[in-house]
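As a plain string of letters, each chain reads:
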Amino acid sequence: MEKKMINIWDYYKNGTEGIKLIFISVFFSFFYWILNFLLIKTFDFSITSYVLVSVNNFFPFIWTIITFPFIYTNLWYLITTAMIIYFVEKIFRIYFSGSSFFKFFVYGNLIGCIAFLLTNIVADQEYTLLEGGMLGVYSCLFAIISYNPKMQISLFPIPYQLPLYVVGIVFVLFDVVNLLNYNELIGVFIARIAAASFGFFYMKSFQKGNDFLVFPIPNFKKIVSHVGAYFKKLGKPKFKIEKNDKKQYTSHHSRPLSDEEFNYNKVKKQKQIDTILDKISKSGYDSLTKQEKEFLFNSFK
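Residues numbered from 1 in each chain as written. Predicted model: local features only at pLDDT ≥ 70, side-chain atom pairs only at ≥ 80, totals over all residues. Heavy atoms only, no water.

> So what exactly am I meant to see when it comes to the overall build of the protein here?
Counting its regular elements, the protein contains 12 helices and two strands. Each helix and strand of the protein, ordered N terminal to C terminal, gives the series α-α-α-α-α-α-α-β-β-α-α-α-α-α. With 301 residues in all, the protein has 37% of them scored as buried. At a minimum sequence separation of 6, the contacts of the protein that also span at least 24 residues come to 65%. Here the protein displays about 19,600 Å² of accessible surface, and carbon together with sulfur accounts for 66% of that area. (Helix = DSSP H or I, 4+ residues; strand = E, 2+ residues; numbered from the N terminus. Buried < 20%, exposed > 50% of the residue type's maximum accessible area, 1.4 Å probe, protein only. Contact = heavy atoms within 4.5 Å. Areas by Shrake-Rupley, 256 points an atom, 1.4 Å probe, with all protein chains shown as cover.)

Now the structure itself:
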């Protein structure tokens, strides 16, 4: 039993950002279910309104903006969202880093939550609750749709590949159907559209070299490491090297690239590759210059 627990902890510790989000959601959801059940049975009191977002408890319980993405009121919603997080992150990390996935996830939840509250105030829906991390998932999914809408993916049990933008359309259609059947979900619907729009248009802006988010998500692991190094008065700072699927080439004398700079360089490099490939398709490989051939060769090493 102890060995299994250690393996589970190692899987969490070595997992990607998406895996960590799934583990955190499972832990807090089970904790909520058990505690809420005991409180209802013992005191006839529920903590649901204290951990999920709604208009009528927003101002006294502002911390629910932080807690709602990690708490689910039923097991099926938790399982389906966990599967979608795993699926979307695998696609997202083809082009971008895990920290960027987390950034889109956090801001998507925040933007969607604000839209949810404003919509329900206007629609006078006082008792609609916002739960789970689907807003963040929408932000990440539509960011990749914005970046490469025609990317071909396979979805079990469909036997053939589909463009990624079709998946986005299916998501929205499901939400429209739910809204037609349950009018009180107007706040949730608008929240998901807002989160998806944020991901889509922020990616468009980022592709042009503009990062309009002035305040990035801080890397708390690095902050703690630097503070600890300072108080221990170490002679040399220690940097933790994180595994990255993509090679990052930097000068030995240059400062470490930020996440935004790294992603911008990858976008710029991908555009150069696409331009060269288009030239090959139109005029053949021999039409490339020596520099273009070398660039293409080094890119696919």
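Right, picking up where we left off after that structure.
> What should I look at first to understand helix α8 (residues 164-181) in this one?
Quick reminder: α-helices carry 3.6 residues per turn. Residues three or four places apart thus point the same way. In this model α8 runs 27 Å from its N-terminal to its C-terminal C-alpha over 18 residues, within 8% of the 26 Å that 1.5 Å per residue would give. By the burial criterion, the buried members of α8 are L164, V167, G168, F171, D175 and L179. Projection of α8 onto a plane perpendicular to its axis shows the buried side chains occupying an angular sector of 120 degrees, all on one side. Opposite the packed face of α8, turned more than 90 degrees from it, sit the exposed residues L173, L180 and N181. Buried residues in α8 make contact with α5 (75-95), α7 (134-147), β1 (152-154), β2 (161-163) and α9 (186-207). (Expected span 1.5 Å × (residues − 1). Arc of directions from axis to C-beta.)

> When you look at a nonpolar patch on the surface in this model, what are you seeing that I'm missing?
A cluster of nonpolar side chains, contributed by V26, F30, L75, W76, I79 and M83, occupies part of the molecular surface with about 620 Å² of accessible area. When residues of the nonpolar patch are traced back to their parent elements, those giving at least two are α2 (17-43) and α5. Sorting elements by how many residues they give to the nonpolar patch places α5 first, with four residues. (Patch = residues over 30% accessible without salt bridge, like charges linked within 9 Å, V, L, I, M, F, W, Y side chains within 5 Å. Salt bridge = Lys/Arg side-chain N within 4 Å of Asp/Glu carboxyl O.)

> So what exactly am I meant to see when it comes to the packing of aromatic side chains here?
What characterises a pair of aromatic rings is the spacing of the ring centres plus the angle enclosed by the ring planes. Per the counting criterion, the structure on display carries 23 aromatic pairs. Seen from their ring centres, Y138 and F171 are 5.7 Å apart, and the 70 degrees between their planes marks the pair as edge-to-face. With Y138 in helix α7 and F171 in helix α8, this pair connects stretches of sequence that are 33 residues apart. Each member of the pair, Y138 as well as F171, is classed as buried. Through a chain of ring-to-ring contacts, the aromatic side chains of F92, Y95, F96, F101, F104, F105, Y107, Y147, F198, Y202 and F206 assemble into a single cluster. Sitting above the plane of the Y12 ring, K20 keeps its charged end 5.6 Å from the centroid. (Phe/Tyr/Trp six-rings, centres within 6.5 Å; stacked < 30°, edge-to-face > 60°. Lys NZ or Arg CZ within 6 Å of the ring centre and 35° of its normal.)

> Just to check I follow, could you spell out the packing of α5 against helix α6 (residues 98-123) for this structure?
α6 packs onto α5 with a crossing angle of 125 degrees between their chain directions and a minimal axis gap of 9 Å. When the interaxial angle is binned, α5 and α6 end up oblique. Here α5 and α6 pass one another in a crossing that is right-handed. Touching I85, V88, E89, F92 and R93 of α5 are G98, S100, F101, F104 and F105, all from α6. In terms of residue class, the contact of α5 with α6 is built from six nonpolar, two polar and two charged. (Axes fitted to C-alpha atoms, helices over the stretch in contact; angles between N-to-C directions. Parallel < 35°, antiparallel > 145°, perpendicular 65-115°, else oblique. Left-handed = near helix turned anticlockwise from the far one by under 90°. Nonpolar A, V, L, I, M, F, W, Y, C, P; charged D, E, K, R; others polar.)

> Looking at this model, I keep getting lost on the nonpolar core. Mind explaining?
Soluble globular proteins tend to bury their nonpolar side chains together. F92, F96, F104 and L164 are the most contacted members of the largest nonpolar core, which totals 55 residues. For this core, the secondary structure elements donating two or more residues are α2, α5, α6, α7, α8 and α9. A total of 11 residues in this core trace back to one element, the largest contributor, which is α7. For F104, the contacting residues outside a window of four places in its chain are F92, G136, S139, C140, A143, F198, G199, Y202 and M203. (Core = buried A, V, L, I, M, F, W, Y, C linked by side-chain atoms within 4.5 Å.)

> Sorry, what's going on with the pattern of salt bridges here?
If the charged atoms of two oppositely charged side chains come close together, the side chains can form a pair. Counted under the stated rule, the structure contains three salt bridges. Of the charged contacts in the structure, one is a salt bridge between K13 and D10, with a shortest N-O distance of 3.9 Å. One end of the pair, K13, and the other, D10, are both in helix α1 (residues 2-13), three residues apart, so they sit about a helical turn from each other. Across the pair R192 and D175 runs a salt bridge, and its minimum N-O distance is 2.8 Å. With R192 in helix α9 and D175 in helix α8, this pair connects stretches of sequence that are 17 residues apart. When sorted by exposure, R192 lands in the same class as D175, which is buried.

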